[in-house]
Amino acid sequence: MTALYEAVGVSKSYGSVAALSNVDFHVDAGEVVGLVGDNGAGKSTLVKILSGAHKPDGGGRLVLDGEDRSWDSPHDALESGIETLYQDSGLAPHLTVSANVFLGREEFKPGLLGKLGFLAEKSMAAKSAAELDRVGIAVPSAGRAVSQLSGGQRQAVAIGRAVAWARKVIILDEPTNHLGARQSQEVLGVIRQAKRKGLGVILVSHTLPHIFEVTDRCVVLRLGEKVADAPTSEFTPDLLVKTLTGITTMPGGGG
Ligand SMILES: Nc1ncnc2c1ncn2[C@@H]1O[C@H](COP(=O)(O)OP(=O)(O)OP(=O)(O)O)[C@@H](O)[C@H]1O
Ligand SMILES: [Mg+2]
């Protein structure tokens, strides 16, 4: 079976730091893959390669729906249905919730003689409120400026936006950071919903209970290398910790 989205032999160095070394990674449609590893293991670097923010160093390939692809920017990946929530989410604080949901995809009212007219603010506000509600994200008001929201509420907007737009793959780098218990559960609910929609979900998290709750498979990175790739059911919390710290070896690692 062809994977929905695949990275083959990707490497990335920052100067003399080898952040990622010859890593193979894939996600299937309707699958939630946990990407785990200690601080500096290379998780965000892999996320940035998958999302088009970084190009892999020579030799690495990205394959979407069985076709070789190469992204010049995150926008390219977005256009192909790959939505990413970065570790430090890219919301524009001075804009409203709905303007953030539609950032870069603004709708316009038709102007005179068929020219693009004013921003269709009311329609975007109504749609973003409906989208956030549909994915189960509770946000005060789509008309509030993001700078007036709490950290957790901002995070919720960023996640809602990613899920609302994703068509194939959604990549979430530490989405439950800064979130309370109830909001974290909301996010896990959103992930399950994305899975049911048939999206491929990639979840980066240090919160291992969340990894055990929602993922189907775990990929473990250590010092830039893949050291395990196995169904989540084959791990216990203890084994996962031992694998990511290098005390134990598990199946599926290596290059
Ligand atoms: N822009 C950069 N310039 C130089 N080195 C970098 C840069 N980004 C990451 N690195 C280095 O690459 C390695 C992998 O970093 P990465 O951010 O991918 O780790 P991570 O697994 O996401 O860690 P964390 O759990 O702390 O978010 C680290 O050694 C880090 O210091
Ligand atoms: Mg990171």
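Counting restarts for each chain: residues are numbered from 1 in the order of the written sequence. The naming scheme follows written order: chains are lettered A onward, ligands numbered 1 onward. For a predicted model such as this one, the threshold for reporting local features is a pLDDT of at least 70, and the threshold for listing and counting side-chain atom pairs is 80 or more; totals across whole chains, interfaces and linings nevertheless cover every residue. Based on all heavy atoms of the structure, the side-chain values leave hydrogens and waters out of the count.

**Student:** Where do I start with the site of ligand 1 in this structure?
**Tutor:** Here, proximity means that at least one heavy atom of the residue falls within 4 Å of the molecule or strand. Near ligand 1 you find 13 residues, and of these Asn39, Gly40, Lys43, Thr45 and His206 are the closest. Here a polar contact is recorded for every N or O atom pair within 3.5 Å, except that within protein the pair must consist of a potential hydrogen donor and a potential acceptor, and residues adjacent in sequence are included only if both atoms are side-chain atoms. Between ligand 1 and the protein, one listed contact pairs an oxygen atom with a backbone N or O atom of Ser44 at 2.8 Å. At a separation of 2.7 Å, an oxygen atom of ligand 1 approaches a polar side-chain atom of His206. Methods summary: accessible areas were calculated by the Shrake-Rupley approach with a probe of 1.4 Å, and residue burial reflects only the protein chains presented. Considered on its own, ligand 1 offers 630 Å² of accessible surface; in the complex 62% of this is hidden by protein. Counting from the N terminus, the helices are the DSSP runs of H or I reaching at least four residues and the strands are the DSSP runs of E reaching at least two. Secondary-structure elements contributing two or more residues to the shell around ligand 1 are β2 (17-27) and α1 (43-50). At three residues, the largest contribution of residues to the shell around ligand 1 is made by α1. Charged residues are taken to be Asp, Glu, Lys and Arg, nonpolar residues to be Ala, Val, Leu, Ile, Met, Phe, Trp, Tyr, Cys and Pro, and polar residues to be all remaining types, Gly included. Here the residues of the shell around ligand 1 sort into four nonpolar, seven polar and two charged.

**Student:** Please clarify how the packing of aromatic side chains should be interpreted in this entry.
**Tutor:** Aromatic rings considered in pairs are described by the distance between their centres and by the relative angle of their planes. Note on aromatic contacts: the rings of Phe and Tyr and the six-membered ring of Trp form a pair at centre separations within 6.5 Å, being stacked when their planes are under 30 degrees apart, edge-to-face when over 60 apart, and tilted otherwise. Scanning the entire structure with this criterion turns up one aromatic pair. Ring geometry for Phe102 and Trp165: centres 5.6 Å apart, planes at 85 degrees, overall edge-to-face. Residue Phe102 is found in the loop between α3 (97-101) and β7 (108-110), and its partner Trp165 is found in helix α5 (residues 151-165); the two are separated by 63 residues along the sequence. For every residue, the accessible area obtained with a 1.4 Å probe (protein chains only) is divided by the maximum for its type, and the residue is called buried under 20%, exposed over 50%, and partly exposed between those limits. For Trp165, a relative accessible area of 26% corresponds to the partly exposed category.

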